[in-house]
Amino acid sequence: MIRRSWVEIDLQAIARNYAVYKSQLAPQLKVMAVVKADAYGHGDVEVANVLQTQGCGDFAVSNIEEAIKLREAGIKGQILILGYTPIDCVELLKQYDITQALLSEDYAQRLAGQNIKAQFAIDTGMNRIGLDSDDPKECERIIRQYQTQFKLTGLFTHLCVADTPAEEAFTSGQIENFKAVAESVQDLHLPFIHCMNSAGGLWQKPYGNLARLGIVLYGLKPDYDNQLPDGISPALQWKSVISLVKTLRIGETVGYGRTFTAKREMRIATIPTGYADGYNRLLSNRGFVLIHGKKAPLVGRVCMDQITVDVTEIPEAQFEDEVTLLGDGFNADDMGKMISTIGYEIICGISKRVSRVYKK
């Protein structure tokens, strides 16, 4: 591991998060682990492997590249692609035994007759993908029409505000709309009926037989104001080092655009991590890092490869000291809140040039 900019990922924390979440679910719900986007930046193969040892046999990804990567790494069980796969990749779906979401009737028509595993997406109000549940009879017609042209294994929908108590009525409506479609074809005995996401599995009246565990698997919140069950904790820490410490004189400026001016003599430290590593530029002049457990505020703009911080109040800070960008009580949810985004974006944005180090 090269000590420039790296993340430390605790795979046992992920296993614990999985176990705690599973213990909170209604008895009829199994867990489908969502490992899309490289397991939200944590490493899809590494995360899927540890979950497979915990008995997880259902995984969800975004695209066919992610699905094939898991299969070639030896991941067994169901792998469901939640999004679009080009029509000309149909042979790969069969070759790797991958289940494809059917995003619309047109899409189903294009893929029909290829003998692939598939599940129909049902749109219950997110208006992104799926058959429109506002007309359950039409949904039923389409499902029945195509069920013999696929190895049809299920139906699913996505809850868009299950993490928001004020939106309880909308979420309940989504579940009821999905239920109406699912029950209209219950004689087909489809093995997978699922609408619970991370938040839904914890806080909504259960329906179906799977809960798709996404962000909570990684120890983060669906919404900043949510309270997660005891025992769930972030699995990722982001570290770097100090590459230089220098004294800044009164009136001197820092970085591109000269957006910070020293009002006193101060010590600043340069850290070799920037927006090309995924450290968000919106943290310029407002974020902080931790050095020796103390906050060091960012001064100046986040550069492509470096940031600068004020270490005047950390006199022990010196060349090659370790720096914590995320961790020690400051997680991706906290960083996201600081710049009006979400923890999901923070962890998914950590780039591939940041080394991943796994604690097993």
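The structure reproduced in this document is the subject of the present report. Everything numeric in this text was worked out from a predicted model, so none of it was measured. Every chain is numbered on its own, with residues counted from 1 as its sequence reads. This being a predicted model, a pLDDT of at least 70 is required before a residue's local features are given, and a value of 80 or more before pairs of side-chain atoms are given or counted; all residues contribute to the totals for chains, interfaces and linings. Just so you know, side-chain values use all the structure's heavy atoms and leave hydrogens and water out.

## Here we look at the overall build of the protein chain
The numbering of helices and of strands both runs from the N terminus, where a helix is a DSSP run of H or I of at least 4 residues and a strand a run of E of at least 2. Across its full length, the protein chain holds 11 helices and 20 strands. Along the first, second and third principal axes, the C-alpha set of the protein chain runs to 75 × 45 × 40 Å. Residues counted as buried form 54% of the 360 residues belonging to the protein chain. For the protein chain, the accessible surface area stands at approximately 16000 Å², while carbon and sulfur atoms represent 49% of it. The sign given to each residue is positive for Lys and Arg and negative for Asp and Glu; His and the chain ends receive no count. Taken as the charge location is NZ of Lys, CZ of Arg, CG of Asp or CD of Glu. Computed over 39 positive and 43 negative side-chain charges, the separation of the two mean positions in the protein chain equals 5 Å. Relative accessible area decides the class of each residue, using a 1.4 Å probe on protein chains only: under 20% of the type maximum gives buried, over 50% gives exposed, and in between gives partly exposed. Per-residue accessibility takes into account occlusion by the displayed protein chains alone, with areas from the Shrake-Rupley method and a 1.4 Å probe.

## A word on the packing of helix α1 (residues 11–24) against helix α3 (residues 44–53)
Each axis is a line fitted through C-alpha atoms, and for a helix only the stretch in contact is used; angles between axes span 0 to 180 degrees, taken between their N-to-C directions. It is at 10 Å that the axes of α1 and α3 come closest, and there the two elements cross at 50°. Considering the angle they form, α1 stands oblique to α3. Of the two elements, α1 crosses α3, and the hand of that crossing is right-handed. Each of L11, Q12, I14 and Y18 in α1 lies in contact with α3, whose residues at this interface are E46, V47, V50 and L51. When describing relative orientation, an angle under 35 degrees is termed roughly parallel and one over 145 degrees roughly antiparallel, while 65 to 115 degrees is termed roughly perpendicular and anything else oblique. By convention, the crossing between two helices is left-handed when the near helix turns anticlockwise from the far helix through less than a right angle, and right-handed when the turn is clockwise. Pairs of residues are marked as contacts when any of their non-hydrogen atoms sit within 4.5 Å.

## Some details on unusual backbone geometry
One non-glycine residue, H189, adopts positive backbone phi at about 55°. Relative to the assigned elements, H189 resides in the loop between α8 (168–184) and β9 (192–196). By relative accessible area, H189 is classed as exposed at 67%. Even without being a glycine, H292 presents a positive backbone phi close to 55°. By secondary structure assignment, the location of H292 is in the loop between β16 (288–291) and β17 (294–297).

## Examining the pairing of β16
Side chains of β16 alternate between two faces, with F288 and L290 and V289 and I291 buried alike. With 4 bridges joining them, β16 and β17 adopt antiparallel strand pairing. Looking at the pairing, V289 lines up with A296 of β17. The turn linking β16 back onto β17 is made up of 2 residues, and H292 within it adopts a positive phi angle of 55°. We call two strands paired when DSSP finds no fewer than two bridges between them.

## What about the sheet that holds strand β12 (residues 244–248)?
One open sheet holds the 3 strands; their spatial order is β12-β15-β18, and the pairing between them is antiparallel. A single partner strand is all that each edge strand has here, and the edge strands are β12 and β18 (307–310). Shown here is a sheet whose adjacent strand axes are inclined to one another by a mean of 30°, direction ignored. Pairing between β12 and strand β15 (residues 266–271): 5 bridges, direction antiparallel. The partner of V245 across the bridge, within β15, is A269.

## Some thoughts on the packing of aromatic side chains
Each Phe, Tyr or Trp ring (for Trp, its six-membered ring) is paired with any other whose centre lies within 6.5 Å, and the angle between the two planes then decides the class: stacked below 30 degrees, edge-to-face above 60, tilted in between. Within this structure, the stated rule accounts for 6 aromatic pairs. Measuring from ring centre to ring centre gives 6.1 Å for F178 and Y207, while their planes differ by 85°; the resulting arrangement is edge-to-face. Placement of F178 in helix α8 and of Y207 in the loop between α9 (198–203) and β10 (210–213) is noted, with a sequence separation of 29 residues between them. On the basis of relative accessibility, which here comes to 0%, the residue F178 falls in the buried class. For Y207, a relative accessible area of 17% puts it in the buried group. Here a set of aromatic residues connected by ring pairs shows up, and it is made of Y40, Y218 and Y344.

## Section: the nonpolar core
Side-chain atoms within 4.5 Å are what join buried Ala, Val, Leu, Ile, Met, Phe, Trp, Tyr and Cys residues into a set we call a nonpolar core. Of all hydrophobic cores here, the largest spans 118 residues; its most connected members are I14, L51, F120, L155, Y279, V289 and I291. Ranked by the residues each element gives to this core, the list is headed by α1, at 6 residues. Among the nonpolar cores identified, the runner-up in size contains 7 residues, and L248, V254, A262 and V299 belong to it.

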